[in-house]
Amino acid sequence: MKKIHTWAKATFILCFLVIIAGGIVRTTQSGMGCPDWPKCFGKWIPPTNVSELPADFEKYLRKQDIDHTFNPYHTWIEYFNRLFGVLLGFFAIIQVVLLFKKRDQQRKPYRLAIWFLVTVILTGLFGAMVVKLNLAHVSISVHLFFALLLVQIQMALLLSLSGKISWILINKKIQKWLLAFLLVLIIHSALGTMVRIYVDDISKQLNYGQREAWLAKIPFAFIIHRTFSWVVLAFAFYIMWLFKDKPSTRNKIFFLLAIVIANMIAGIVLYYADMPAIAQPIHLLLATIAITQTVNVLLQLKPVKSVI
């Protein structure tokens with residue numbers, strides 16, 4: 001069991017590395033660095049310079065939306081992103097194999113491992129769709145949704161292995177407030193996706209330069225997203241107050257509050273520091289952690305009418 005638990009933890013960490021890699025691809029405009037899938041310029045190992053390009057390389061370059069020239073920097077960033085995805089697939093398969101031997105005693109973790117593997121496959125397929133549709137906004141958003149879902153499934157698997165699902169008694173009203181907070185986080189993230197779509201369009205028009213102009217004409221979606229962040233912060237403080245007398249969850253909620261504050265700071269940096277590249281994947285990562293930590297606490301709660 002220790003081996004299975006260790007492997008599940010490693011897989012959980014790898015999920016976040018995959019999300020970070022995807023964020024780096026987006027912030028460096030490397031999404032079409034490999035303009036075909038599953039190969040890259042028709043090769044399993046991509047070229048490092050122009051001399052290594054295939055004879056029909058122009059048909060690949062025409063698919064790119066940047067400058068239609070070969071850029072090894074973009075190509076290898078996207079290639080490493082794909083390697084992380086493949087590695088996660090292998091981890092998911094091995095996780096299923098390890099739990100298959102214990103499937104009678106660990107039925108719930110085994111089922112979650114199956115669902116995790118299926119979701120990994122779907123995430124990879126939508127990654128291919130992102131390339132086929134040349135970074136279409138909807139395909140990117142769906143791809144990100146599946147990546148977020150991966151994290152939640154793997155976390156549920158970890159909690160299930162540890163016997164920590166529904167083990168903390170909590171008042172039903174408090175649980176409902178936490179569910180409402182999760183909904184608020186999801187809405188806030190959806191608004192952030194709308195801002196990202198706007199920024200993607202503007203940055204493309206500016207040939208991915210002049211970062212200070214990407215939010216020069218503040219879109220309505222950004223105003224709502226920025227204003228809503230204060231709602232998220234106020235809600236997080238209220239959740240902290242609700243759990244102040246719950247020692248089993250107090251530290252978890254405090255960590256959640258810290259992540260919300262950190263993500264708000266990252267958003268402020270993005271706007272006032274002219275969209276620095278490093279802040280974009282950090283902003284995405286922190287939003288993912290906030291949602292994951294909220295789901296983490298919710299899964300551990302066992303609601304009752306009253307707790308003595």
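Rules of the game
- Residues numbered from 1 in each chain as written.
- Predicted model: local features only at pLDDT ≥ 70, side-chain atom pairs only at ≥ 80, totals over all residues.
- Heavy atoms only, no water.
- Helix = DSSP H or I, 4+ residues; strand = E, 2+ residues; numbered from the N terminus.
- Buried < 20%, exposed > 50% of the residue type's maximum accessible area, 1.4 Å probe, protein only.
- Disulfide = S-S within 2.5 Å.
- Contact = heavy atoms within 4.5 Å.
- Salt bridge = Lys/Arg side-chain N within 4 Å of Asp/Glu carboxyl O.
- Pairing = 2+ DSSP bridges.

J.: Give a detailed account of unusual backbone geometry, specifying residues and quantitative values.
T.: Residues Trp37 and Pro38 are joined by a peptide bond in cis, for which omega reads 5 degrees. Secondary-structure assignment places Pro38 in the loop between helix H1 (2-27) and helix H2 (58-61). In the Ramachandran plot, Met275 falls in the positive-phi region, its phi being about 55 degrees despite a non-glycine side chain. Mapped onto the elements, Met275 comes out in the loop between helix H8 (247-272) and helix H9 (279-300). The exposure class assigned to Met275 is buried, which follows from its relative accessible area of 7%.

J.: Tell me what's going on with the state of the cysteines, and back it up with residues and numbers.
T.: On inspection of all chains with the given rule, the structure shows one disulfide. Between the sulfur atoms of Cys34 and its disulfide mate Cys40 the distance is 2.1 Å. Linking Cys34 and Cys40, the disulfide has an S-S dihedral of approximately -85 degrees and is accordingly described as left-handed. Assessed through its relative accessible area of 1%, Cys40 is described here as buried.

J.: Let's hear about the side chain of Thr292: which residues, and what values?
T.: For Thr292, the position within the fold is in helix H9. Judged by its relative accessible area of 4%, Thr292 is buried. Setting aside residues no more than four positions away along its own chain, Thr292 makes contact with Phe12, Phe16, Val151, Gln152 and Met155.

J.: Describe in detail the pattern of salt bridges, supporting the description with residues and values.
T.: Scanning all chains against the criterion turns up two salt bridges. The salt bridge involving Arg82 is made with Glu78; its shortest N-O contact spans 3.0 Å. Residue Arg82 and its partner Glu78 are located together in helix H3 (residues 72-100), separated by four residues, close to a single helical turn. A relative accessible area of 6% means that Glu78 is categorised as buried. A salt bridge links Lys244 to Asp245; the shortest N-O distance between them is 3.8 Å. Given the relative accessible area of 57%, Asp245 is considered exposed.

J.: I'd like a description of the pairing of strand S1 (residues 168-171), backed by residues and values.
T.: By the alternation rule, side chains of S1 split into Ile168 and Ile170, which are all buried, and Leu169 and Asn171, of which none is buried. Across four bridges, the pairing between S1 and strand S2 (residues 301-304) is parallel. Looking at S2, one finds that Asn171 is bridged to Val304.

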